[in-house]
Amino acid sequence: MSVSEEVGGVSVPRVPDPVSVLVVEDDATIRRAVQLSLERYGYQVAVAADGLDGLEAFRAGRYDLLILDVMLPELDGIGLCRRIREESLVPVLMMSARGDALDVVSGLEAGADDYVVKPVDTPVLVARIRTLLRRATFRPAEPETTPAVVPADAGTTAPGELVFGDLSVNTLGLEVRRGGRPVPLTPTELRLLLEFAAAPGAVLDRRRLLRDVWDYGWEGDTRVVDLCVLRLRKKIGAERIETVRGFGYKLVRG
């Protein structure tokens, strides 16, 4: 996104477009409260009251982030998230009234990036949104200022490209290929893979991943990590990420 534009031959600052958020929540009181709270923080907010309307709104607009309630009429939040993931990698934050383990697991398995439990304080909700947006707009450092670090035991075929068996990760172009074919990853899955690729063979514990990938400055739910690892394995190969019981996960080098 450009931060300046030419007006009469003079470059003038351009105000960035507001972040666009779609909130799908059937409870009118909660829906309105979330909308007003986010608008006070400068977000542009659209709302829908059920899953089918939410899907229609998603397809009709362009959103930087989606907030989906789990319990929705017509099409529940889990089903809505699955439908969206068939079409888009947009960041998704699930809201659950119960914080039920089943709700959390189902939402993350469906492709959500994170979740919050209602009622949620506005600062917490905004912090989660900002984290997801940072992940979605992540860009690596310019190669001339920060050269890509390539592990000695990983093959390389291009600047910034790491190769692990049939998996290649381009840390500059943020592209992932398996067997030469592109692998579509959500921003969260990509950040997780980049953490593993930066330390192949090293065991990364769940708390560290929560801190470095999810940017949790507080105690978080490690199920988020486990479910994202599960989704990542399905895309890059189950054998590529190994579980080290009692410790965490590691990327297999060969």
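Look up: the structure comes first, before these words.
Model, not experiment: these values are computed from the prediction.

Reading guide: rules and limits
Residues numbered from 1 in each chain as written. Predicted model: local features only at pLDDT ≥ 70, side-chain atom pairs only at ≥ 80, totals over all residues. Heavy atoms only, no water. Helix = DSSP H or I, 4+ residues; strand = E, 2+ residues; numbered from the N terminus. Buried < 20%, exposed > 50% of the residue type's maximum accessible area, 1.4 Å probe, protein only. Contact = heavy atoms within 4.5 Å. Polar contact = N/O pair within 3.5 Å; in protein donor to acceptor, adjacent residues only side chain to side chain.

> Got a minute to help me understand the environment of Asp-121 in this structure?
Relative to the elements of secondary structure, Asp-121 occurs in the loop between strand 7 (114-117) and helix 5 (122-136). Residue Asp-121 is classed as exposed on the basis of its relative accessible area of 54%. Separated by 84 residues in the primary sequence, Asp-121 and Ser-37 place their C-alpha atoms 9.7 Å from one another.

> Where do I start with unusual backbone geometry in this structure?
Excluding glycine, a negative phi dihedral is what most residues carry, and trans is how most peptide bonds are arranged. With omega at -5 degrees, the peptide bond leading from Lys-118 into Pro-119 counts as cis. Position of Pro-119 among the secondary structure elements: in the loop between strand 7 and helix 5. One non-glycine residue, Glu-74, adopts positive backbone phi at about 70 degrees. For Glu-74, the position within the fold is in the loop between strand 5 (65-69) and helix 3 (77-85). Using a relative accessible area of 64% as the deciding quantity, one classes Glu-74 as exposed. If you check the backbone angles, Leu-174 has positive phi at about 55 degrees while not being a glycine. You can see Leu-174 is positioned in the loop between strand 9 (167-170) and strand 10 (175-178).

> I would appreciate a short explanation of the side chain of Thr-188 in the present structure.
With respect to the secondary-structure elements, Thr-188 resides in helix 6 (residues 187-198). In contact with Thr-188, not counting residues within four places along its chain, are Asp-113, Leu-132, Arg-135, Val-213, Trp-214 and Cys-228.

> What should I look at first to understand the side chain of Ser-20 in this one?
By the element assignment, Ser-20 lies in strand 3 (residues 20-24). The exposure class assigned to Ser-20 is buried, which follows from its relative accessible area of 8%. Within the structure, the side chain of Ser-20 is placed 3.5 Å from the backbone oxygen of Arg-62, a separation counted as a polar contact. Not counting residues up to four positions away in its chain, the partners in contact with Ser-20 are Gln-44, Arg-62, Tyr-63, Asp-64 and Leu-65.

None of this, on its own, says anything about what the molecule does.
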